[in-house]
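Commentary on secondary and tertiary structure
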Amino acid sequence: MLILKRALLVLWVLLLAGCAAVQSDFEKPDVSVTSFRSLPSEGMAPRFLIGLHIINPNREAISLQGISYQVSLEGRKLLKGVASDLPVVPAYGEADFSVTATADLLSGFRLLTDLLQTRRESVNYELNARLDLGAYLPYVNVVESGELKLGAL
């Protein structure tokens, strides 16, 4: 009985070491926004379709289980959403998909008021996404930020 317990303990330690070794060379996928357009709203809150492009720099395909995301403008959380039923991103490959986001009306009004009070040539944006890669891989947090020129809009 003692030998069986020790054998199971050794097996468990080897399994954990193997999992740690597999995850150590995992590179974070690159996610970028490719499109942004409004959708017909179902109520008061406006909805948007956000096109995303994901690049997998790993030797294994990534089967996305889900994604949660938020878009902020000038530090105000403006759009939020979640999605499942996402594509498999092949090893050393790319995939495009779209997600739907709903706007926070109060944050939108505050942002609009702020933009009207102070003249700006650009606004800062930030996309925060959390990718669920499945039970055996860690969550991947992606942050993309930049600046949108208001003269171009």
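Reading the values: rules and limits
Residues numbered from 1 in each chain as written. Predicted model: local features only at pLDDT ≥ 70, side-chain atom pairs only at ≥ 80, totals over all residues. Heavy atoms only, no water. Helix = DSSP H or I, 4+ residues; strand = E, 2+ residues; numbered from the N terminus. Buried < 20%, exposed > 50% of the residue type's maximum accessible area, 1.4 Å probe, protein only. Contact = heavy atoms within 4.5 Å. Pairing = 2+ DSSP bridges. Axes fitted to C-alpha atoms, helices over the stretch in contact; angles between N-to-C directions.

Per an unreviewed UniProt entry, the chain goes by LEA type 2 family protein and derives from Marinobacterium rhizophilum.

On a plain count of helices and strands, the chain comes out with 2 helices and 9 strands. Listed by position from the N terminus, the elements making up the chain come as α-β-β-β-β-β-β-β-α-β-β. Across the 153 residues that make up the chain, the buried fraction comes to 30%. Counting contacts in the chain only where the partners sit at least 6 residues apart, residues at least 24 apart contribute 63% of the total.

What follows deals with the sheet that holds strand S2 (residues 47-55). Within a sheet, each strand pairs with its neighbour through backbone hydrogen bonds, oriented either parallel or antiparallel. The strand order S1-S2-S7-S5-S4-S8-S9 describes an open sheet built from 7 strands, whose pairing is antiparallel. Two strands bound the open sheet, and with one partner strand each, they are strand S1 (30-39) and strand S9 (140-149). On average, adjacent strands in this sheet sit at an angle of 25° to one another, irrespective of strand direction. Where S1 and S2 come together, 9 bridges link them in antiparallel fashion.

We now examine unusual backbone geometry. At glutamate 74, a position not held by glycine, the phi torsion is positive, near 50°. As for its position among the elements, glutamate 74 is in the loop between strand S4 (66-73) and strand S5 (76-83). For aspartate 85, which is not glycine, the phi dihedral falls at a positive 55°. As for its placement among the helices and strands, aspartate 85 is situated in the loop between S5 and strand S6 (88-89).

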